[in-house]
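# Structural features, examined
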Amino acid sequence: MDEAVLRALTPTVIGVLVRRGADFAAAEDAVQEALIEAVRAWPDDQPRDPEGWLVTVAWRKFLNAVRADTSRRHREELIEREPAPGPGEVADDTLQLYFLCAHPSLTPASAVALTLRAVGGLTTRQIAQAYLVPEATMAQRISRAKRTVAGVRFNQAGDVATVLRVLYLVFNEGYSGDVDLAAEAIRLTRQLAAKISHEEVAGLLALMLLHHARHPARTGPDGRLVPLAEQDRGRWNTQLIAEGVAVLQAALVRDRLGEFQAQAAIAALHADARTAAETDWAQIVEWYDELARLTGNPVVRLNRAVAVGEADGPRAGLAALAGLDPALPRYAAVAAYLHERDGDPVTAARRYAEAARSAPNLPERDHLTRQAARLNARPRSGAAAGNR
Amino acid sequence: MAKYLLLKHYRGAPAPVNDVPMDQWTPEEVSAHIKYMQDFGARLEGLGEWVDGQALSPEGAWVRYDGEGRPPVTDGPFAETKDLIAGWMVIDVDSYERAIELAGELSAAPGAGGKPIHEWLEVRPFLAAHPTTTE
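Presented here is an overview of the structure given in this document. (Residues numbered from 1 in each chain as written. Chains lettered and ligands numbered in written order. Predicted model: local features only at pLDDT ≥ 70, side-chain atom pairs only at ≥ 80, totals over all residues. Heavy atoms only, no water.)

## Overview of unusual backbone geometry
- The step from Gly 76 of chain B to Pro 77 of chain B runs through a cis peptide bond, and the omega angle for that step is -5 degrees.
- With respect to the element layout, Pro 77 of chain B can be found in the loop between β4 (73–75) and β5 (84–93).
- The phi torsion at Leu 132 of chain A lies on the positive side, around 55 degrees, for a residue other than glycine.
- Structurally, Leu 132 of chain A can be placed in the loop between α7 (124–130) and α8 (135–148).
- Judged by relative accessible area, which is 46%, Leu 132 of chain A ranks as partly exposed.
- Even without being a glycine, Asp 255 of chain A presents a positive backbone phi close to 60 degrees. (Helix = DSSP H or I, 4+ residues; strand = E, 2+ residues; numbered from the N terminus. Buried < 20%, exposed > 50% of the residue type's maximum accessible area, 1.4 Å probe, protein only.)

## Looking at the pairing of β5 of chain B
Residue and element names in this part refer to chain B.
- Counting buried residues along β5, eight of its 10 residues qualify, which places the element largely inside the surrounding structure.
- When strand β2 (residues 50–55) meets β5, the two strands line up antiparallel, connected through five bridges. In the sheet register, Asp 52 faces β5, and the bridge partner there is Val 90. (Pairing = 2+ DSSP bridges.)

## Focus: the interface of chain B and chain A
- Of the residues lining the interface, 21 residues belong to chain B; the matching set on chain A comes to 34 residues.
- Surface buried jointly by chain B and chain A totals about 2300 Å² across both partners, of which 52% is contributed by carbon and sulfur atoms.
- Applying the counting criterion to the chain B and chain A interface returns one salt bridge.
- Between Arg 141 of chain A and Asp 92 of chain B there is a salt bridge; the shortest N-O distance is 2.9 Å.
- Joining chain B to chain A, the criterion identifies nine residue pairs in polar contact (both at pLDDT 80 or more).
- Counting residues per element, the ones that place at least two in the side of chain B that touches chain A are α1 (27–46) and β2 of chain B.
- Looking at the side of chain B that touches chain A residue by residue, the classes come out as nine nonpolar, six polar and six charged. (Contact = heavy atoms within 4.5 Å. Buried area = accessible area lost by both parts, 1.4 Å probe. Salt bridge = Lys/Arg side-chain N within 4 Å of Asp/Glu carboxyl O. Polar contact = N/O pair within 3.5 Å; in protein donor to acceptor, adjacent residues only side chain to side chain. Nonpolar A, V, L, I, M, F, W, Y, C, P; charged D, E, K, R; others polar.)

Here you go:
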């Protein structure tokens, strides 16, 4: 049995239960239990209609739970309400779940956890492992999130932008535990793109595909980070790149540019270059200008300074950097890179060491420390001979 | 989401406002303090923000490698001047501001006279184990 197939049915089945009168929290619990039972039972006896099986089992679990904690009369009312089995408005149900799980009343962490469980069909344990917290903590985070959205009407239209932010957070968490969150984010975004025609959903999907395509080349055999310019481009996944570019092009022709489309366009330009030297940096600078206009995010201007440094030389890059707040994350790393290109290894080494001290994660810190060490270890004979 | 370490010291932190050693509190005050810490941990779990908490003995030693085929060198007990960690909590929260808020609440644990200790806690961000997926 393919677990992905099973998990893909999760939001549909929750939708059916909610339509039959279960509240979201109880429906979600019941479906989670049904999924666990399916994992146990299906390898020996795969049902012909997996969705029907899940609906039947989940509904029974739901009724048992109701029997356990409320009056018998309420249960009978629910049984009477049960409609004849048949296809419902499945697509809409799933879409509603995306909106509910990304509801603005939830904190980002809660929205992520709830989305992974109710839309993604992951178990609490898997989510806890992926985020390196105890299972009990994750269980509480999810049940609190469910209480938070308990009053939200299921058929309320939501904001696509909030859903995209949640999916992007999941994607960026990357690869930990036994669940590949990047791949899971792609699956959920692909599913969303199939249900709703929206240029930024497509933009985000394209962005994810283009980044994921580079994943095999991003880390060396010892786990070290390999910067874009040094990656073995033969290891990039051309199939994912082709799909990402196609999705992006279809979005761009609609002429409603957004943040994710612009980011994807930059990723596509990198993917398009057979060698780092062939990168079309001038066009990348233009896209960063678009992105800065769309978001006003100062981090975008920092990345733009790198692109300017490549397009017009390190001096121009340093000039672009000059107007920015040195407190921005990765400012020192960008400065170090530009100073080295500008032929000033002493300043570059100092800025790399500084960047390492403020790095947000271990692989990045190790990479920056190695850069500083490389520059500090360079031959000093030139200076000794009085060449400088 | 980000993880933070809330670090408690036996020694080495600046003096708290309510600076009376624990062995000079009344037994009820000691119990009230312990209950506060337990409730705090339970509440964090309920909020989905708890990761871990441990207390450390003040005993211990310095240890170092002393070369091939030789046993490690030890040096102890710790000198009175050593910065001495008493224990920690690890939390998983949405923001730095939330970490500061929780540390502030933990520092309000009651001590002598049932009054908050106002203990100084060290708040340290974890380095993430993985780089972000986007470059």
